[in-house]
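Each chain is listed here by its residues.
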Amino acid sequence: MNPLFKITYLYRFFTLLFLLSIPITTSLAQEPEFKQADGVEVVRKNCTSCHSAQLVTQNSGSRAVWVSRLRWMQETQGMPSLDPTDEGIILSYLAANYGQKASGRRPLLHSSLLPQNPYDLQE
Ligand code: HEC
């Protein structure tokens, strides 16, 4: 094969590869900030005007915990009261998709797996 043809071929191959990768990387960058599920649009509409979606999704809790967060924002952060139907949809969505975790932290390591505690060292 002619070497010039080979280079042209390689160039075309990588250009095509690059162009094909653009939609993939942009779609990764635009990953939905909330889990797709019933009620997500109501949540997005009511919960992203003051802060990011991430502030919501990095939290978790039972329905009662989510209720208490909404009341806290309403009482102290100027959040308007929600339409009761919307509030029900939002709470169901949050409790189902960002529900109470069994354990929020990893268990402690056994002391045999840790470096010696400097406060236990004798002088
Ligand atoms: C009127 C403005 C406003 C709206 C609307 C709003 N929030 Fe907030 N929210 C706040 C403010 C202010 C904070 C505190 C921000 C901070 O700590 O940086 C907050 C904090 C939070 C937190 C973190 C609480 C914590 O314990 O750290 C969660 C979770 C949250 N909001 C969820 C929601 C949800 C769910 C909705 C939609 C139902 C919502 N927010 C809509 C103002 C709002």
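Residues numbered from 1 in each chain as written. Predicted model: local features only at pLDDT ≥ 70, side-chain atom pairs only at ≥ 80, totals over all residues.

Colleague: Help me out: how do you make sense of the overall build of the protein chain in this one?
Modeller: If you tally the helices and strands in the protein chain, you get five helices and zero strands. Its helices and strands in sequence order give the protein chain the pattern α-α-α-α-α, from N to C terminus. The buried share of the protein chain, taken over its 123 residues, is 6%. Contacts spanning at least 24 positions in sequence make up 76% of the contacts within the protein chain whose residues lie at least 6 apart. (Helix = DSSP H or I, 4+ residues; strand = E, 2+ residues; numbered from the N terminus. Buried ≥ 20, exposed ≤ 12 C-beta atoms within 10 Å, placed from the backbone. Contact = placed C-beta atoms within 7 Å.)

Colleague: Is there a simple way to explain the packing of helix H2 (residues 40-47) against helix H5 (residues 84-97) in this structure?
Modeller: Axis angle and axis distance: for two packed helices, these are the angle between their axes and the distance between the axes, and together they describe the pair. Packing of H2 against H5 leaves a shortest axis separation of 9 Å and a crossing angle of 105 degrees. As the angle between them shows, H2 and H5 are arranged roughly perpendicular. For the pair formed by H2 and H5, the contact residues are Val40, Val42, Val43 and Asn46 on the first element and Asp86, Ile89, Ile90 and Tyr93 on the second. Class assignment for the residues of the contact of H2 with H5 results in six nonpolar, one polar and one charged. (Axes fitted to C-alpha atoms, helices over the stretch in contact; angles between N-to-C directions. Parallel < 35°, antiparallel > 145°, perpendicular 65-115°, else oblique. Nonpolar A, V, L, I, M, F, W, Y, C, P; charged D, E, K, R; others polar.)

Colleague: It is not clear to me how the site of the ligand should be interpreted in this structure. Could you clarify?
Modeller: Around the ligand, 16 residues are found, and the nearest of them are Cys47, Cys50, Asn59, Gln77 and Met79. For the shell around the ligand, the elements supplying multiple residues, two or more each, are H2, helix H3 (53-57), helix H4 (63-76) and H5. (Near = placed C-beta within 6 Å.)

Colleague: How should I be thinking about the packing of H4 against H5 in this particular structure?
Modeller: The geometry of H4 relative to H5 is characterised by a closest axis approach of 9 Å and an angle of 130 degrees between their N-to-C directions. By the criterion of interaxial angle, the relationship of H4 to H5 is oblique. Crossing of H4 over H5 shows right-handed handedness. Here Arg63, Trp66 and Val67 of H4 lie close against H5, whose contacting residues are Leu91, Leu94 and Ala95. Each residue belonging to the contact of H4 with H5 can be placed in one class, and the counts come to five nonpolar, no polar and one charged. (Left-handed = near helix turned anticlockwise from the far one by under 90°.)

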